[in-house]
Amino acid sequence: MKADILTIFPGFFTGPLDHGITRRACEMGLAKIEVHDLRQFTHDRHRTVDDRPFGGGEGMVLKPEPLFECLETLQLAGRGDRLAGRAKQSVILLSAQGQRFTQKIAAELAALDRMVLICGRYEGVDERVADFLADRELSIGDYVLSGGELGAAVIVEAITRLLPGAVGNEASTQQESFSGHERAGEVTEKAAADSTCGTGGLLDYPHYTRPADFRGMAVPEVLLNGDHQQIRKWRRQRALEKTLRNRPDLLDGAQLSDEDAKILARIKASRA
Ligand code: SAM
């Protein structure tokens, strides 16, 4: 996967993407990240990338020319081929007005060969970029940031860990919150057999490590007895409890078994 990031602050990315799995994925050649400085695509001596909004109003707007010119140097497939899925590429504009970025979208993007992330600034980006240059607009959440750079880093990190081979244990990205029915590649049979359970769209279950007793706070007994069937059941119950408490909206789209439905009914009854 090659990711191109278009920004007026290229230095921003020195650091966030240089650690952990993202760094390892780059070192292993699974991912390649290239940052492009939009000021290199300006033609005046002030290297101007912004201008006042037509129609008046607050602030400045990121001009279209540097973005179009930068993208034209990247030698991507045509927009029509990208939108029709004939090219495994996507040009993404980071925007608070975009579709909300989710684990499902991360998995879709991880299956691409190439992704371009356009970082906005100021009051936003000239709308012709959303209309004629980008393939989609993505938001990382319902709040307004000062620029798209953090969003681009979030998207790159979420996608990189889904690339087959990036995370040591193939099954672990299937057992995480929101996951279980979507990812870039298939887990190997061995990895699936080693995993405890997929979340099926729920939040993850709680994790504990040594010491078994820390300042009087004991690890749940069930995790120490070696009974994997009991552990599996306990984890599922705790994942259901946590999802109901913190993100009940996820239960609508989750893959729930009859046993899950019974557990949920019991949890709800105990709260009533
Ligand atoms: N005027 C815009 C609005 O109200 O929707 C906000 C512009 S924001 C100050 C500047 C840039 O930050 C945007 O062009 C976008 O690239 C980025 N940005 C802000 N919030 C974002 C979010 N939630 N997700 C992704 N990008 C965001």
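Reference entry: report on the structure contained in this document.

## A word on the packing of helix α4 (residues 103-110) against helix α6 (residues 149-160)
Next up, step 1: α6 packs onto α4 with a crossing angle of 70° between their chain directions and a minimal axis gap of 9 Å. Taken together, the axes of α4 and α6 lie roughly perpendicular to each other. Contact residues: Ala106, Leu109 and Ala110 in α4; Ile155, Ala158 and Ile159 in α6.

## Topic: the sheet that holds strand β5 (residues 89-100)
Next up, step 1: Judged by pairing direction, the sheet is parallel, and its five strands sit side by side in the order β2-β1-β6-β5-β7 without closing on themselves. With partners counted over all chains shown, the strands left at the sheet margins are β2 (32-37) and β7 (136-139), one partner each. Recorded for the sheet is a direction-independent mean angle of 30° between the axes of neighbouring strands.
Next up, step 2: The sheet contact formed by β5 and β7 spans five bridges and is parallel. Residue pairing across strands places Leu93 opposite Glu137, the latter belonging to β7.
Next up, step 3: In the packing of α6 onto the sheet, contacts are made with β1 (2-7), β2, β5, β6 (114-118) and β7, and the angle to β6 comes to roughly 160°.

## Looking at the nonpolar core
Next up, step 1: With 29 residues, the main nonpolar core has Ile5, Phe101, Leu109, Met115, Leu117, Ile155 and Ile159 as its most contacted residues.
Next up, step 2: Among the secondary structure elements, those contributing two or more residues to this core are β1, β5, α4, β6 and α6.
Next up, step 3: Here this core gets six residues from one element, more than from any other, and that element is α6.
Next up, step 4: Those residues in contact with Leu109 that lie beyond four places of it in its chain are Met1, Ser90, Ile92, Phe101, Met115, Arg136, Leu138, Ile155 and Ile159.
Next up, step 5: Ranked by size, the runner-up nonpolar core spans 20 residues in total, among them Val49, Leu62, Leu74 and Val91.

What counts and how
- Residues numbered from 1 in each chain as written.
- Predicted model: local features only at pLDDT ≥ 70, side-chain atom pairs only at ≥ 80, totals over all residues.
- Heavy atoms only, no water.
- Axes fitted to C-alpha atoms, helices over the stretch in contact; angles between N-to-C directions.
- Helix = DSSP H or I, 4+ residues; strand = E, 2+ residues; numbered from the N terminus.
- Parallel < 35°, antiparallel > 145°, perpendicular 65-115°, else oblique.
- Contact = heavy atoms within 4.5 Å.
- Pairing = 2+ DSSP bridges.
- Core = buried A, V, L, I, M, F, W, Y, C linked by side-chain atoms within 4.5 Å.
- Buried < 20%, exposed > 50% of the residue type's maximum accessible area, 1.4 Å probe, protein only.

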